[in-house]
Structure formats: structure tokens, C-alpha cells
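Commentary on secondary and tertiary structure
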Amino acid sequence: MKCKKCRQKAVIELKRHNSAFCREHFLEYFQNQVKRTIKKFSMFRHRDRVLVAISGGKDSLALWDVLLQLGYQADGLYIDLGIGEYSQTSGEKAQKFAAQRNAQLRYVSLADKYGFDIPDATQYTNRPACSACGLSKRYLFNREAFDGGYHAIATGHNLDDEAATLLGNVLGWNTEALARQSPVLEGSKKGFARKVKPLIRLSERETAAYCVLTGIDYIVEECPNALGARSHFYKELLNNLETESPGMKQKFLMEYLERGSHYFTRDDATELNTCQSCGHPTSGDICAFCRMTAQLLSKKLHDDPIDALFSLPTYF
Ligand SMILES: [Zn+2]
Ligand SMILES: [Zn+2]
């Protein structure tokens, strides 16, 4: 197999593009796909400050690397969720990456700043781990990006992630979620940061290849709470379709964004208030994150007062 560009020995074949690339030309292809996505969806401009949500996994580190290579002012944001060894290792990978490139990493520990971690959240609330985790991440990504004055928060969602979410939403005709499934979610002056996904044209296999070929050290293990998640099943289904018909996955997602999504978007009529506790936007009086935190800390204080008193956040 030879590189489509230079006819040297290829290191990767991309069936859906009917091509193969050597190392150099694969990295060029990868960067071009990111550039093209940023431009096509007008995600940000060169002078904008971008905050990249870093999990320590292949996608977010590949994204951060490309944005730095392309000369963007891209800082990282890592949230330590306190999920045992998984969080420990992924945090180390994120810090190592930042140190090697002299890049800025904002490191937020859920336990230090808010007095609980994800295992606490599952123990002291009725929420499943992934629900508490998703809520915390959404809140903190938004808060850090908005308070830090960033133009946008970029996440490492790739083609496989987005296609799997789309399939799940279509199977359940979850129209509200379909309306929100966009590579760009506009921010608002009221406290919502703009959210963008520059990796949607690249597959999971390609982000892994990018990390291997550039020597990025990422955490391979998945979050232990995500094992058996529904999204894995959808990804497998889509990969089976992709094997039969290369390009299917990309077509499914891109055609939706280009031709289908406008049927589902609608004006969001919900009036937004300011959370009485933290000042961030919410549809009620107190935002979901503050409600969860308050409920959790009071239960923790009741069940395990000594431990809880020592772990209370400074603002309490
Ligand atoms: Zn080549
Ligand atoms: Zn709040």
C-alpha cells in the first residue's frame, strides 16, 4: 500500500476516503480536516482564546495538539473527578502533555473546589455515576470558559461519538436532543460559553493513529463507570455498517448536519434566570449543579460528619 500523495510506503489506509497515507501526509490530512471543520462551521478565529476540555484520552489530547500546531491560543482544562486510579492516571497524562509543550493547563479538582468527587456523588445522591459526572463536567466546562473569558470551549468529540449519539437520538426520536446536536452551540451573554467540536470529521481510529504517530501519551483505559454504556453498542453497530459500506458513518452524520438538522432546531423559548447560589444561568432558581452539591454535602455531613467536615470546600 502506497501513500496517495507521495507514493512512499503508507502507514494507514482510510477506506472511506479511498486512500492511504504515509506518516507525514496522514498528519497533514488530519490537520486539514480540523482546519476545514473550524472554517466550515465558523468555530473561532485565529486571535480567539480557546479552552480545550481535556480528559487525558486520545481525542482531547490530539485536538489540543493540532490547535497548538496550527498556532491557536489554546489552553487546556482538566477536571479531576476523583474516580480512583483512572482520574489519577488521566490527570498525569494531561499535565505531562502541557509541560512538554509549555501549554497552559487549568486543573480543577472537584473534591478540592466543591467538597465531593464522583464516587461521593453516587453514594449520596440517587443519580447514576455518569449522570453526576456529566452534570459536573457540563457545569465546570461552561463556568471555567465563561469566567475565564474564552471565546469558545472545544471538546474532543469525534465522528464515532457524534454518529453514535445521533443514532441513539434517532432511534428514540429524541427531538430535543437532536435539536442540540450541533458542532457549534452558541453562547450567550447570560453566562453560557460557546461550545465547539472540531474533530467531528475524524474517526476514533484516526485520533488514536494521530497520537501514536506523534508520540502523544494518552490514557487508553476508559472510565470504569462507562463500561457497558449504550453508546458502545451504537458504535459497534455503526462500525459493522462501515465495514460493509465505507463512508456510511461520515455520511450519516454530515448529511444530518447539512440537510436534516434544520427540521429539529427551534427557538429556545425558556426564560433563563441567574442561579441564586452561583450566578450561572438556570431555568429555575437554583441550578442543577448547586442543587446536587447542596443535597450531597448535607447527606455526607449527616452520614460521615468527621470525613465530611475535613473535605468541605473553602466557600462553605
Ligand atoms: Zn506521503
Ligand atoms: Zn448554581
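Further up the page is the structure itself.
Rules and cut-offs
Residues numbered from 1 in each chain as written. Chains lettered and ligands numbered in written order. Predicted model: local features only at pLDDT ≥ 70, side-chain atom pairs only at ≥ 80, totals over all residues. Heavy atoms only, no water. Helix = DSSP H or I, 4+ residues; strand = E, 2+ residues; numbered from the N terminus. Donors = N, O, S within 2.8 Å, 3.2 Å for Na, K, Ca; no water. Tetrahedral: all angles 85-135°; square planar, octahedral: opposite > 155°, others 65-115°. Buried < 20%, exposed > 50% of the residue type's maximum accessible area, 1.4 Å probe, protein only. Pairing = 2+ DSSP bridges. Right-handed = clockwise from strand over helix to strand, strands pointing away. Contact = heavy atoms within 4.5 Å. Axes fitted to C-alpha atoms, helices over the stretch in contact; angles between N-to-C directions. Core = buried A, V, L, I, M, F, W, Y, C linked by side-chain atoms within 4.5 Å.

The next thing to look at is unusual backbone geometry. The phi dihedral of Asn 18 falls on the positive side, at around 55 degrees, and the residue is not glycine. Assignment of secondary structure puts Asn 18 in the loop between β1 (12–14) and β2 (19–21). You will see that Asn 102, though not glycine, has its phi angle at about 60 degrees, which is positive. Topologically, Asn 102 is positioned in the loop between α3 (84–101) and β5 (105–109).

A few words on the coordination of the zinc ion (ligand 1). The protein atoms that coordinate the zinc ion (ligand 1) are Cys 3 (SG), Cys 6 (SG), Cys 22 (SG) and His 25 (ND1), at distances spanning 2.0 to 2.3 Å. The site at the zinc ion (ligand 1) holds four donor atoms, and with the angles between them running 96 to 115 degrees, its shape is tetrahedral. Sequence positions of the donors to the zinc ion (ligand 1) reduce to the motif C-x2-C-x15-C-x2-H. Linking Cys 3 in the segment before β1 with Cys 22 in the loop between β2 and α1 (23–40), this pair joins segments that are 19 residues apart in sequence. Side by side, Cys 3 and Cys 22 carry an identical accessibility label, which is buried.

A word on the pairing of strand β4 (residues 73–80). In terms of residue burial, β4 counts as a mostly covered element, since seven of its eight residues are buried. As defined by bridge partners, strand β3 (residues 49–54) adjoins β4 across six bridges and the pair is classed as parallel. Pairing of Ala 53 across the sheet is with Leu 77, part of β4. As for the winding sense of the linkage, the β-α-β connection from β3 through helix α2 (residues 58–69) to β4 is right-handed. In this structure, β4 lies alongside β5, joined through five bridges in parallel fashion. Of the residues in β5, the one forming a bridge with Gly 76 is Leu 105.

Taken together, six strands build an open sheet; the order of strands is β5-β4-β3-β6-β8-β7 and the sheet is mixed. The open sheet is flanked by β5 and β7 (184–185), the only strands paired with a single partner. Across the sheet, helix α6 (residues 129–147) touches β3, β4, β5, β6 (152–154) and β8 (195–196), and the angle it forms with β4 is around 145 degrees.

Take the nonpolar core next. Counting residues in each nonpolar core, the largest one holds 43 residues, and the members touching the most others are Phe 26, Phe 30, Val 34, Phe 44, Trp 64, Leu 67 and Tyr 210. Breaking this core down by element, the ones donating at least two residues are β1, α1, β3, α2, β4, α3, β6 and α9 (204–214). Membership of the second largest hydrophobic core comes to 36 residues, among which are Leu 81, Ala 121, Phe 141 and Cys 287.

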